[in-house]
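Take a look at the letters that make up each chain.
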Amino acid sequence: MQESYEYIETQLIQSLNLALNIDNETSYNHAFDIQANQDGFWFIPRLPAGFVVDSALYDKIYRISGAILYPNWTLLKQNGAYFVPTHSQDFHTQRALFFPWVEGNAKRLVIDDIDEFTEKWVNNKLPIMENLDINIDKINHIGIAGQSGSGKSTFLIFLLYLLKERGSITICDPKLDSPSRFARKFDIPVIAPVEVQNQNDFVSSVTAMLSQHLDLIHDRQRELYKDPNAKFEHNYIVIDELLALTENVAKNVAGAFQSVISQIALLGRATNVHLILVSQRFDAHALSTATREQLNVLIQIGNINSRTTSFLMPDLDPNGIVVPQGIGSGLIQIIDSEHPYQVLPLLTPSFKTKEVL
Ligand SMILES: Nc1ncnc2c1ncn2[C@@H]1O[C@H](COP(=O)(O)OP(=O)(O)OP(=O)(O)O)[C@@H](O)[C@H]1O
């Protein structure tokens, strides 16, 4: 089906000829060629050349082509130049820069009635966008970051609506906000400052809840030791406003909290105990680097720039990624065996509930 990519190959060549600016070298003097298929496109330079084939060139091609490919393909952002060998017998064209893509672009799920939607949800694929879902058996821990008003709580509530159907949930909600109301509606255990509580006491009660889950993990580990095929129900521990939770508490209280959460992050994966952490930022105050590295679904909503993504996605240079605009938009990275490792543009679902949460 090579023909079907000819049009986009021509468009890419023309864009690069116009915008690449590599010492007057263009496809017309055979300085490079473009080939594409369903996996992405190849920039094949004819070497030796009067320009440097390096990560700066890769980045420039990425930025030029991202716009022309939108909205039909989404380029997957790499951390450096992605070299691949070609099948050419000609020494001059035996290497290429590869730009992997996925078809289409972010498409928001719009749900008229979330209760009905949840009832009709039959498989284990957690719908995130029209063209993206995540197998809940592949989720270890989820991190959701974004500035105030970016849509974190809305996305969290969406996840909770679905996940309550597939496991048990415990919520910690320091702001006594929509997660607490959700918990009340569905009779889910919640730790929230219902009566005025000292911040140290509040964090200690969260640590006690986490520690009970750690006991559960240890029980399950013993079971797994006896029977490696043992299956467990999913347990989701939700902590909203993580950064606010750990601010202004005594050092030993914060230390105990961090210690138990890092053990859950490390050991929960094999035993189906999952963390869903929501925070404006995932800096060192909110979570240690080792714990953060255990998150395998990373969601950054709202402003996207190298400063905002530096905590949750430290290796990412978001320059050139076509990020959708509007409320609840951002980036998602799913680190499992089923999705591309790279970040993808995200539009979080819009949904209506029967009663306001
Ligand atoms: N996907 C979406 N579709 C439609 N509206 C949305 C979506 N996500 C968020 N909103 C709306 O945007 C506003 C802010 O969202 P939300 O309260 O979830 O943000 P937040 O990041 O949790 O803010 P805060 O940290 O201040 O609680 C709300 O009015 C919410 O209804």
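Residues numbered from 1 in each chain as written. Predicted model: local features only at pLDDT ≥ 70, side-chain atom pairs only at ≥ 80, totals over all residues.

By the naming in an unreviewed UniProt entry, the protein goes by Cell division protein FtsK and is assigned to Fructobacillus papyriferae.

**Notes on the domain arrangement of the protein**
Examined at the domain level, the protein breaks down into domain 1 (2–102) and domain 2 (110–351). Measuring from the centre of the C-alpha atoms in domain 1 to the corresponding centre in domain 2 gives 38 Å. Facing 13 residues of domain 1, the contacting portion of domain 2 comprises 11 residues. Sorting elements by how many residues they give to the side of domain 1 that touches domain 2 places helix H2 (residues 55–69) first, with 5 residues. (Domains from an automatic or database assignment. Contact = placed C-beta atoms within 7 Å. Helix = DSSP H or I, 4+ residues; strand = E, 2+ residues; numbered from the N terminus.)

**A word on the UniProt feature "binding site: ATP" (unreviewed entry) in the protein**
Per the UniProt entry, the sites bearing "binding site: ATP" (unreviewed entry) are Gly-146, Gln-147, Ser-148, Gly-149, Ser-150, Gly-151, Lys-152 and Ser-153 in this numbering. On the secondary structure map, Gly-149 appears in the loop between strand E9 (142–146) and helix H4 (152–163). Take Ser-153: it is sitting in helix H4. Residue classification places Ser-153 among the buried positions, given that 22 C-beta atoms sit within 10 Å. Those residues in contact with Ser-153 that lie beyond four places of it in its chain are Asp-177 and Ser-178. (UniProt positions renumbered as here; feature names shortened; annotations may be inferred. Buried ≥ 20, exposed ≤ 12 C-beta atoms within 10 Å, placed from the backbone.)

**Some points on the sheet that holds strand E11 (residues 190–191)**
One open sheet holds the 8 strands; their spatial order is E11-E10-E12-E13-E9-E14-E15-E16, and the pairing between them is mixed. Of all the strands in the sheet, the pair left with one neighbour each is E11 and strand E16 (344–347). Across 5 bridges, the pairing between strand E14 (residues 297–301) and strand E15 (residues 329–334) is antiparallel. Each residue of the ladder has a partner; that of Ile-299, found in E15, is Ile-332. Packed on one face of the sheet, H4 meets E9, strand E10 (167–172), strand E12 (234–239), strand E13 (273–279) and E14 and runs near 155 degrees to E9. (Pairing = 2+ DSSP bridges. Axes fitted to C-alpha atoms, helices over the stretch in contact; angles between N-to-C directions.)

**Let's talk about the environment of Asp-54**
For Asp-54, the position within the fold is in the loop between strand E2 (40–45) and H2. On the basis of neighbour count, Asp-54 is assigned to the exposed category, with 11 C-beta atoms found within 10 Å. Distance in space between the C-alpha atoms of Asp-54 and Leu-97 is 9.1 Å, their sequence separation being 43 residues.

**Concerning the confidence of the model for the protein**
When the pLDDT values of the protein are averaged, the result is 93; 99% of them are 70 or greater. Confidence estimates for the predicted assembly give a pTM of 0.90 and an ipTM of 0.97. (pLDDT = per-residue confidence, 0-100.)

**So, the pairing of E14**
Taken across its 5 residues, E14 has 5 buried, putting it largely inside the fold. Alignment of E9 against E14, held across 5 bridges, turns out to be parallel. Following the sheet pairing, Ala-145 is matched in E14 by Gln-300.

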